[in-house]
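Descriptive structure summary
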Amino acid sequence: MEYGFDITYIFDFIPKLLQVLHLTLAIVAGAIGIGLIVGLLAALPRLYKVPVLQRLSQVYTSFFRGTPILIQLFLFYYGLPELLKLVYIDVTKLPVLFFVIVTFGLNAGATISEIIRAAVTAVDRGQVEAAYSVGMSGYQAFARIVLPQAIAIAVPVFANLVIAMLKETSLAFALGVMELTGKAQTLGTLTRHFMETYIALAIIYLAVSFTLERILLLFERKLQRHMRRDAADAERRWRLWRGRKPMRERSPEVSGKEVPRYEA
Amino acid sequence: MIRLSGIRKSFGRQEVLKGIDLHVGKGEVVAILGPSGSGKTTLLRCINYLEKPGEGEIRIGDQALDARRAGKKDVHALRRRSAMVFQQYNLFSHKTALENVMEGLVVVKKMSKDEARKRGIALLEKVGLGAKLDAYPSRLSGGQQQRVGIARALALEPEVILFDEPTSALDPELVGEVLAVIRRIAKEGITMIIVTHEMGFAQDVANRVVFMDEGVIVEEGPPAQLFGNPKEERTRQFLKRLTPEASYTI
Ligand SMILES: Nc1ncnc2c1ncn2[C@@H]1O[C@H](COP(=O)(O)OP(=O)(O)O)[C@@H](O)[C@H]1O
Ligand SMILES: [Mg+2]
């Protein structure tokens, strides 16, 4: 059946889709929350070379980074209850959303552990020694000196992850979760105006990504305060960014030329 | 008072410190000289326990530590008696000048923030950075960063401050301001061990000069004697190579 394109459907669909926005956001927030905790736990044994745990963490990250998230969702949703049945734990009554958030969380955790590992390694080793020399314990040095700097280094990459995660939540509809994409499918099927639902859907994803990006950029600017060499430099980056040329700001010929020289 | 006895340290098969004995009295300023690779940095790092000596005993004040029987607690106690000023400054780059100085006071000495801030401000003023309290290291010159590093070390009121070539990463025009600060605190009777290549500086700040080569102390003595009339041939050779560029006085 062919139905003519009707723009008013878009305006009609947007508020309907917004009714389930909270589900999409809950998946993102839950997944990032779980991801941060699991990611840190997975990164630590590899950073500190803890014998067995290090291996385990490697297996974990390779699995979640090396398989499609859709397959992970199926495995967790259909496989986990079967597996747990063997030890007499019944999880079949748990909502689908639970499985979705856990899967996305573990998936994010794998990436986050890699992000943390890279960021921690990037923190100047000399500062750790300085921390020890003022009498800090290993834990204090990590928590007070390494971690905050690692987080500042990691925010831009982390921001990318959040945006990617937002878009990947659309896969949850494959398990029948009525988040944005799932709802859009239903609206499309009901009205036969698929094109309009997809346009409305795209508009919403775009608006949410854009908002998240801005919020994360504010974080980045706040956390990276200490990295800015001077106010003029910060101002220049800000202007470049607002001028919608985010890539140029990172290109070496621009930053290389204008960053003032500092001593080692 | 510091006493090192029989400090040995190897990296793999290379023995870098071959039994160092050194005594530094309270309020004494000892300068360590020696060619690059002779183990000066490693020695300071052993005193601060950033490097674990293979064997030997380190005593700072009433805290003694035998390298072969060192527990975590002893290491911690020993570290709290010394402070280090690094060649590359090693300031905490996510903290302002003042926060750098306060950090050890608040976290390690459990001082209240107000009190730590007061002491931090006083110390930064003392090293001439009263106007840079809230500046991040990335916005300070090398000389200013090193002065923050000195204030950070002073804040802990250690029994000894260890300086590892505090001016060798600096542009020549910034060396003077850092040396001036060290000179001033030396006069206050703080015990210091300074690895340096600034001979003029060593000559008028140090009570004693130690010459190290290939992991051993070759010779030590008052500056006038060691510079003016060295006993050992190796010392003489080293000084001869160093003198032309170090003949200026700061
Ligand atoms: N972490 C390390 N691993 C291996 N070798 C090292 C290490 N640190 C220092 N060394 C070696 O120990 C020797 C003494 O180094 P160092 O104490 O830095 O000398 P100095 O400060 O007198 O120039 C050098 O040969 C150096 O290569
Ligand atoms: Mg050295």
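Analysis parameters
- Residues numbered from 1 in each chain as written.
- Chains lettered and ligands numbered in written order.
- Predicted model: local features only at pLDDT ≥ 70, side-chain atom pairs only at ≥ 80, totals over all residues.
- Heavy atoms only, no water.
- UniProt positions renumbered as here; feature names shortened; annotations may be inferred.
- Phe/Tyr/Trp six-rings, centres within 6.5 Å; stacked < 30°, edge-to-face > 60°.
- Buried < 20%, exposed > 50% of the residue type's maximum accessible area, 1.4 Å probe, protein only.
- Lys NZ or Arg CZ within 6 Å of the ring centre and 35° of its normal.
- Helix = DSSP H or I, 4+ residues; strand = E, 2+ residues; numbered from the N terminus.
- Contact = heavy atoms within 4.5 Å.
- Polar contact = N/O pair within 3.5 Å; in protein donor to acceptor, adjacent residues only side chain to side chain.
- Core = buried A, V, L, I, M, F, W, Y, C linked by side-chain atoms within 4.5 Å.
- Axes fitted to C-alpha atoms, helices over the stretch in contact; angles between N-to-C directions.
- Left-handed = near helix turned anticlockwise from the far one by under 90°.
- Nonpolar A, V, L, I, M, F, W, Y, C, P; charged D, E, K, R; others polar.
- Pairing = 2+ DSSP bridges.
- Buried area = accessible area lost by both parts, 1.4 Å probe.
- Salt bridge = Lys/Arg side-chain N within 4 Å of Asp/Glu carboxyl O.
- Expected span 1.5 Å × (residues − 1).
- Right-handed = clockwise from strand over helix to strand, strands pointing away.
- Near = heavy atom within 4 Å.
- Areas by Shrake-Rupley, 256 points an atom, 1.4 Å probe, with all protein chains shown as cover.

The name that an unreviewed UniProt entry assigns to chain B is L-cystine transport system ATP-binding protein, with the source organism given as Paenibacillus methanolicus. The UniProt entry for chain B carries the following comment under Subcellular location (unreviewed entry): "Cell membrane".

Identification of chain A as L-cystine transport system permease protein from Paenibacillus methanolicus is taken from an unreviewed UniProt entry. As stated in UniProt under Sequence similarities (unreviewed entry), the record for chain A gives "Belongs to the binding-protein-dependent transport system permease family."

**Topic: the packing of aromatic side chains**
Summed over the entire model, instances satisfying the criterion amount to 11 aromatic pairs over all chains. Relative to F64 of chain A, the ring of F63 of chain A has its centre 4.9 Å away and its plane inclined at 85°; by these criteria the two rings are edge-to-face. Here F64 of chain A falls in the buried class, since its relative accessible area comes to 7%. Taking NZ or CZ as reference, R152 of chain B lies 4.7 Å from the ring centre of F92 of chain B, over its face.

**Digging into helix α6 (residues 125-133) of chain A**
Burial runs high along α6 of chain A: seven of the nine residues are buried. Every buried residue of α6 of chain A is listed here: G126, Q127, V128, E129, A130, A131 and S133 of chain A. Contacts made by the buried residues of α6 of chain A are with α7 (138-168) of chain A together with α1 (40-47), α2 (72-79), β6 (82-85) and α5 (142-155) of chain B. The residue sitting at the N-terminus of α6 of chain A and contributing the capping side-chain oxygen is D124 of chain A; that oxygen lies 3.0 Å from the backbone nitrogen of G126 of chain A. Looking one or two residues past α6 of chain A, G135 of chain A carries a phi angle of roughly 105°, positive in sign.

**Let's talk about the nonpolar core**
The biggest cluster of nonpolar side chains holds 80 residues, and the ones touching the most others in it are L124, I150, F163, I182, M192 and I193 of chain B. Each residue touching I150 of chain B, except ones within four places of it in the same chain, is listed here: V85, F163, V178, V181, I182 and I185 of chain B. Core analysis: the next-biggest nonpolar cluster, separate from the first, contains 46 residues, I101, L187, L201 and V208 of chain A among them.

**Topic: the packing of α6 of chain A against α7 of chain A**
All names here are of chain A. Relative to each other, α6 and α7 sit at 145°, their axes nearing to 9 Å. α6 and α7 meet at a crossing whose hand is right-handed. Residue-level inspection shows Q127, V128, A131 and Y132 of α6 in contact with α7, the latter providing G138, A141, I145, V146 and Q149. Residues of the contact of α6 with α7, tallied by class, amount to six nonpolar, three polar and no charged.

**A few points about the sheet that holds strand β10 (residues 216-221) of chain B**
Residue and element names in this part refer to chain B. Spatially, the six strands line up as an open sheet ordered β6-β7-β8-β3-β9-β10, and their pairing is mixed. The open sheet is flanked by β6 and β10, the only strands paired with a single partner. Direction aside, neighbouring strands of the sheet carry axes that sit 20° apart on average. In this structure, strand β3 (residues 29-33) lies alongside strand β8 (residues 192-195), joined through four bridges in parallel fashion. By the bridge assignment, V30 is partnered in β8 with I193. Against the sheet, helix α6 (residues 172-187) contacts β3, β7 (160-164) and β8, and its axis sits at roughly 155° relative to β8.

**Examining the interface of chain B and chain A**
Contact residues are listed per partner, giving 33 residues for chain B and 27 residues for chain A. Both sides of the chain B and chain A interface together cover about 2400 Å² of buried area, and 52% of this is carbon and sulfur. Of all residues in chain B, F92, H94 and S138 of chain B bury the most surface against chain A, accounting for 22% of the area lost on that side. The interface formed by chain B and chain A includes two salt bridges. We note a salt bridge from E103 of chain B to R144 of chain A, for which the minimum N-O separation is 2.5 Å. Taken together, chain B and chain A are joined by 11 residue pairs in polar contact (both at pLDDT 80 or more). Broken down by secondary-structure element, the contributors of at least two residues to the side of chain B that touches chain A are α2, β6, α3 (97-107) and α5 of chain B. Its residues assigned to classes, the side of chain B that touches chain A shows 13 nonpolar, 11 polar and nine charged.

**What about helix α9 (residues 194-223) of chain A?**
The terminal C-alpha atoms of α9 of chain A lie 43 Å apart, and with 30 residues this matches the ideal 44 Å at 1.5 Å per residue to within 8%. The set of residues buried in α9 of chain A consists of E196, T197, A200, L201, I204, Y205, V208, S209, L216, L217 and E220 of chain A.

**Some words on the UniProt feature "domain: ABC transmembrane type-1" (unreviewed entry) in chain A**
Residues annotated in UniProt with the feature "domain: ABC transmembrane type-1" (unreviewed entry) correspond here to residues 21-216 of chain A. In the segment residues 21-216 of chain A, helix accounts for 83% and strand for 0%; the C-alpha atoms at its two ends are 19 Å apart.

**Some words on the environment of A169 of chain B**
All names here are of chain B. For A169, the position within the fold is in the loop between β7 and α6. Placed 26 residues apart in sequence, A169 and G143 show a C-alpha to C-alpha distance of 9.2 Å. Apart from the residues within four sequence positions on either side, A169 is in contact with Q87, Q88 and Y89.

**A short note on the pairing of β8 of chain B**
Residue and element names in this part refer to chain B. Taking every second residue as pointing to the same face, both faces of β8 are buried, with M192 and I194 on one and I193 and V195 on the other. With four bridges joining them, β7 and β8 adopt parallel strand pairing. Bridge pairing in β8 places D164 opposite V195. A crossover links β7 with its parallel partner β8, the connecting element being α6, and its sense is right-handed.

**Quick notes on the site of ligand 1**
Residue and element names in this part refer to chain B. Every residue near ligand 1 is listed here: F11, Q14, V16, P35, S36, G37, S38, G39, K40, T41 and T42. Q14 is positioned with one of its side-chain polar atoms (N or O) 3.0 Å from an oxygen atom of ligand 1. Measuring from an oxygen atom of ligand 1, one finds a backbone N or O atom of G39 at 3.0 Å. A total of 560 Å² of accessible area belongs to ligand 1 in isolation, and the protein chains cover 60% of it. Sort the elements by how many residues they give to the shell around ligand 1 and α1 lands first, with three residues. Looking at the shell around ligand 1 residue by residue, the class counts come to three nonpolar, seven polar and one charged.

**Observations concerning the UniProt feature "transmembrane region" (unreviewed entry) in chain A**
All names here are of chain A. In the numbering used here, UniProt assigns the "transmembrane region" (unreviewed entry) feature to residues 20-44, 56-77, 97-120, 141-166 and 198-219. Split by type, residues 56-77 is 91% helix and 0% strand. Its first and last C-alpha atoms lie 22 Å apart. Secondary structure content for residues 141-166 is 100% helix and 0% strand, and the end C-alpha separation is 34 Å.

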